[in-house]
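Here's the letter readout for the chains.
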Amino acid sequence: MAYDASLGGQYPVICVVLFNPTNGTCFTSFGAHPKFQVALERTVTELLQGRSLRDLDVFEAPSFHDEDVADHHNLETHFIDSSGTVSWDMFRTTADYAFSDWNFEGSSVEECEWLLAKLHAENADAYIADYQHLDVNCCRIIVPGWSEIYPPEEIQIANNNRGTELRHALSHLLKNKMDDASCEALFDVIEQADFDDANMVAELIGICPDAGTAWKTLTIGELKCLLSLAMGDLESALDFAVWCADYNATLYNQQRMIFMRCLQASLELAMDEERDATEYHQAFGFTYSEATRDAVWQSISGDVRFYGLAIENDDLLSFSAHQKLLAAYQKLQVAKANHAG
């Protein structure tokens, strides 16, 4: 279904919605352009960009809870991949605005002036920077109060430097003796920084992880699980293991998922005073593989710590993807220097 989203012809915006009757969900995409036809084409293109029709079973059902729909995290999700929740009120038979067959015909300059006039009519200022960077034409537009997608306070709450202390503490822990005091110190760093359990550790500490490794899917929640294991706090480790298996089910590769499931079952067994763990040694080997069982049981006993994670040196030479990223950055710096010269 295509919807006029111009709010009565005020703005050149259109919305296209795909309804999925097989699971009762929908998927919305918004697009804009002074010309109605171009806006419609852009919106349909954006709707399926990077997706196939087989990928449309994972979206949200419409909601009657306006506070959830209006939540800024939901709005961010719409901006990122258009998969956020929408309100049932969007689809009422009686619309809030009458349909407006808006369309502006003119040159690119006239289109720009027409759009800027709409902003100025709203007492909004538009800051535009046109420049060349390495012989590539660039344009940056900022409209305070309009162009911000994320709340400004997130610059303070979630800035790129807040993981610096975590990186130093984690690097020290993995490269040196992993005693209880170091584990407790790192856990305190995480708690004081108030990281969300869903935060990706690699992003926080500024590392580009290799695909298929534990670093790729390591979240703060999983790190807390491994820290709890290292400190012998099996009850907390079990709580985080359950969370990891549920939350990271779509992130983990098969090996890591099996490890986490084995960890959950093994922790339950380890805390069960009525059962002898040796009685289940063979069964766990059949179920999860002997290698995984041994890695998990050694993690619980403390003989293995932070299974699957390692930082060999401060240069991160063991992270091939990170080294490739650094090499690309160095090429860029050479290109910038040559261009400036």
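Our subject is the structure that appears above.
Now for a description of the structure that goes with this document. If you're wondering where the values come from, they're calculated on a predicted model, not measured in any experiment.

What follows is about the sheet that holds strand 3 (residues 25–32). Ordered by their spatial adjacency, three strands build an open sheet running 1-2-3, and the pairing between neighbours is antiparallel. Each edge of the open sheet is held by one strand with a lone partner, namely strand 1 (2–4) and strand 3. In this sheet, adjacent strand axes meet at a mean angle of 25° when their direction is disregarded. Its contacts with the sheet put helix 1 (residues 36–48) on strand 2 (13–20) and strand 3, and the angle it makes with strand 2 is roughly 35°.

Moving on: the pattern of salt bridges. Close approach of charged atoms allows side chains with opposite charge to pair. Under the definition given, this model contains eight salt bridges. Notably, a salt bridge pairs K224 with D197, separated by 2.9 Å at the nearest N-O pair. With K224 in helix 10 (residues 220–230) and D197 in the loop between helix 7 (180–193) and helix 8 (201–205), this residue pair connects regions lying 27 residues apart in the sequence. By sharing partners, the salt bridges in this structure join E191, D197 and K224 into a single network.

Before going further, it helps to spend a moment on the nonpolar core. Of all hydrophobic cores here, the largest spans 49 residues; its most connected members are L166, W215, L223, L227, L263, L267 and F306. Counting residues per element, this core draws most heavily on helix 12 (residues 254–270), which supplies eight residues. Ignoring sequence-local partners within four residues, the contact set of L223 consists of L166, L170, I190, V201, L218 and F306. If you look at the next biggest cluster of nonpolar residues, it comprises six residues, including A5, V17, V86 and F91.

With a phi close to 55°, L7 is a non-glycine residue in the positive phi region. Positionally, L7 belongs in the loop between strand 1 and strand 2. Phi is positive for D135, which is not a glycine, with a value near 65°. Mapping D135 onto the fold places it in the loop between strand 4 (127–133) and strand 5 (136–142).

For the rest of this paragraph, the subject is the packing of aromatic side chains. Tallying each qualifying case throughout the model produces 13 aromatic pairs. Ring geometry for Y3 against F91: centres 5.8 Å apart, planes inclined by 50°, an arrangement best described as tilted. Of this pair, Y3 sits in strand 1 while F91 sits in the loop between helix 3 (72–81) and helix 4 (108–121), placing them 88 residues apart in sequence. You can call Y3 partly exposed: its relative accessible area is 22%. In this structure F91 comes out as buried when scored by relative accessible area, which is 18%. Measuring from centroid to centroid gives 6.5 Å for W88 and F91, while their planes differ by 85°, and the two rings are edge-to-face.

Moving on to the packing of helix 12 against helix 14 (residues 290–301). Their axes nearest at 9 Å, the elements helix 12 and helix 14 cross at an angle of 50°. For the element pair helix 12 / helix 14, the angle class is oblique. With respect to the hand of their crossing, helix 12 and helix 14 are arranged in right-handed fashion. Counted together, I258, F259, C262, L263, S266, L267, L269 and A270 of helix 12 and T292, R293, A295, V296, W297, S299 and I300 of helix 14 form the full contact between these two elements. Along the lines of polarity and charge, the residues of the contact of helix 12 with helix 14 split into 11 nonpolar, three polar and one charged.

About the criteria used
Residues numbered from 1 in each chain as written. Predicted model: local features only at pLDDT ≥ 70, side-chain atom pairs only at ≥ 80, totals over all residues. Heavy atoms only, no water. Pairing = 2+ DSSP bridges. Helix = DSSP H or I, 4+ residues; strand = E, 2+ residues; numbered from the N terminus. Axes fitted to C-alpha atoms, helices over the stretch in contact; angles between N-to-C directions. Contact = heavy atoms within 4.5 Å. Salt bridge = Lys/Arg side-chain N within 4 Å of Asp/Glu carboxyl O. Core = buried A, V, L, I, M, F, W, Y, C linked by side-chain atoms within 4.5 Å. Buried < 20%, exposed > 50% of the residue type's maximum accessible area, 1.4 Å probe, protein only. Phe/Tyr/Trp six-rings, centres within 6.5 Å; stacked < 30°, edge-to-face > 60°. Parallel < 35°, antiparallel > 145°, perpendicular 65-115°, else oblique. Left-handed = near helix turned anticlockwise from the far one by under 90°. Nonpolar A, V, L, I, M, F, W, Y, C, P; charged D, E, K, R; others polar.

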